[in-house]
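Examining the three-dimensional arrangement
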Amino acid sequence: MSTPVPAALPMVVPSQDLPARVRIHEVGARDGLQNEKATVPTQVKAEFVHRLASAGLTTIEATSFVHPKWVPQLADAEALFPLLQDIEPRPHLPVLVPNERGLDRALALGARRVAVFASATESFAKANLNRTVDEALAMFEPVVTRAKEGRAHVRGYLSMCFGDPWEGAVPVHQVVRVAKALMDMGCDELSLGDTIGVATPGHVQTLLAELNEEGVPTNAIGVHFHDTYGQALSNTLAALQHGVTTVDASAGGLGGCPYAKSATGNLATEDLVWMLSGLGIETGVDLGRLTATSAWMAEQLGRPSPSRTVRALVKTAQPLQEQ
């Protein structure tokens, strides 16, 4: 059952020079659930992905083929992925692969979209991958090459693009260097991560402009914002004004970063859809169904959703359910 959305809200008031449509790259089932203290049962994860797809999301990051020692919450990747093959219409189901072993596991199950996860800073590369930035890039190169040879789509995540908890401010040219290396090795898409949520709109637009100047096209860039300082939607709008049409978000605002102590949750998909709907930007997402899905997952996790839109709509729907 979907959650009712108040009639005629949000009112649609388009803004000039914004994309007509945005593709939401849903990360709740992977980036969200990997940060839960308790392990979510495989069947619940599968149901979550099915519900997200029924809400109209066409790209749903399913899981991660990282060694279970590092991300025990996603140790069931081999069991989960086959449970997602009957979704119709079939969404894209990208998976995270840290190395060639992870790629082998993913390809063996028929994954057609994979992602590697790099860092713009040495401190985070060490904490997350136990390697330097360049050592990590060297590790990813054969992964990307083999994935492309197998005709898989490859996304390159780049974390700490706007600030690092150990190093502080991250120079734009430093981010651009690593971003360009990921694209040069063959990544089809680049996701810019504000891992600790410190970005502001001017910083976002400056980085995007520098990437363009170095030959990285806007249509190959996605943005991934955290809402630590309440800036995720502002930063998203800045990216849209630059022409970005791919935005990462997490249903219910699930997730954060286990290696960044100050990071709070990802941008909530519902909050993003509410804003885009008001701007007249198409997403293909049914906000009522999506909100109901996040409310259901919050029940499974035993705590309220951090998404403001979920909380507002569930509260609004309560009297309707009691009548």
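Residues numbered from 1 in each chain as written. Predicted model: local features only at pLDDT ≥ 70, side-chain atom pairs only at ≥ 80, totals over all residues. Heavy atoms only, no water.

The condition that has to hold: UniProt positions are given in the numbering used here, feature names are shortened, and annotations may be inferred rather than shown by experiment.
An unreviewed UniProt entry lists the protein under the name Hydroxymethylglutaryl-CoA lyase, from Streptomyces aureus. Under the Sequence similarities (unreviewed entry) heading, UniProt states for the protein: "Belongs to the HMG-CoA lyase family."

1. Overview of the confidence of the model for the protein
Filter applied, for reference: One confidence number per residue, pLDDT, is output by the predictor and ranges from 0 to 100. Contacts: residue pairs with any heavy atoms within 4.5 Å of one another.
The pLDDT averaged across the protein works out to 93; a share of 94% of its residues lies at or above 70. A low-confidence stretch, residues 318-323 (pLDDT under 50), is modelled with one contact involving residues beyond four sequence positions or located in other chains.

2. Brief notes about the pattern of salt bridges
Note the threshold: By definition, a salt bridge exists where a carboxyl oxygen of Asp or Glu is found within 4 Å of a side-chain nitrogen of Lys or Arg. Remark: exposure states derive from per-residue accessible area (1.4 Å probe, protein chains only) relative to the maximum for the residue type, with buried under 20%, exposed over 50%, and partly exposed in between. Working definition: helices are DSSP H or I runs of at least four residues, strands are E runs of at least two. Numbering for both runs from the N terminus.
With the rule as written, the count across this model stands at 15 salt bridges. Notably, a salt bridge pairs Arg30 with Asp31, separated by 3.9 Å at the nearest N-O pair. Comparing Arg30 with Asp31 shows no difference in burial state: the two are buried. Put simply, Lys180 and Asp184 hold a salt bridge, and the shortest N to O gap is 3.3 Å. In this pair, Lys180 and Asp184 both sit in helix α7 (residues 172-184), four residues apart, roughly one turn of the helix.

3. A few points about the nonpolar core
Most often, soluble globular proteins have nonpolar side chains that are buried together. Convention followed: Think of a nonpolar core as a cluster: buried Ala, Val, Leu, Ile, Met, Phe, Trp, Tyr and Cys residues, connected wherever their side-chain atoms sit within 4.5 Å.
The biggest cluster of nonpolar side chains holds 90 residues, and the ones touching the most others in it are Phe48, Val95, Leu158 and Leu182. Broken down by element, the residue count for this core peaks at eight residues, all from helix α6 (residues 133-149). Residues in contact with Phe48, not counting those within four places in the same chain, are Gly28, Ala29, Leu33, Ala251, Leu254, Thr293, Trp296 and Met297. Grouped together as the second largest cluster of nonpolar side chains are seven residues, Val71, Leu96, Ala115 and Tyr157 included.

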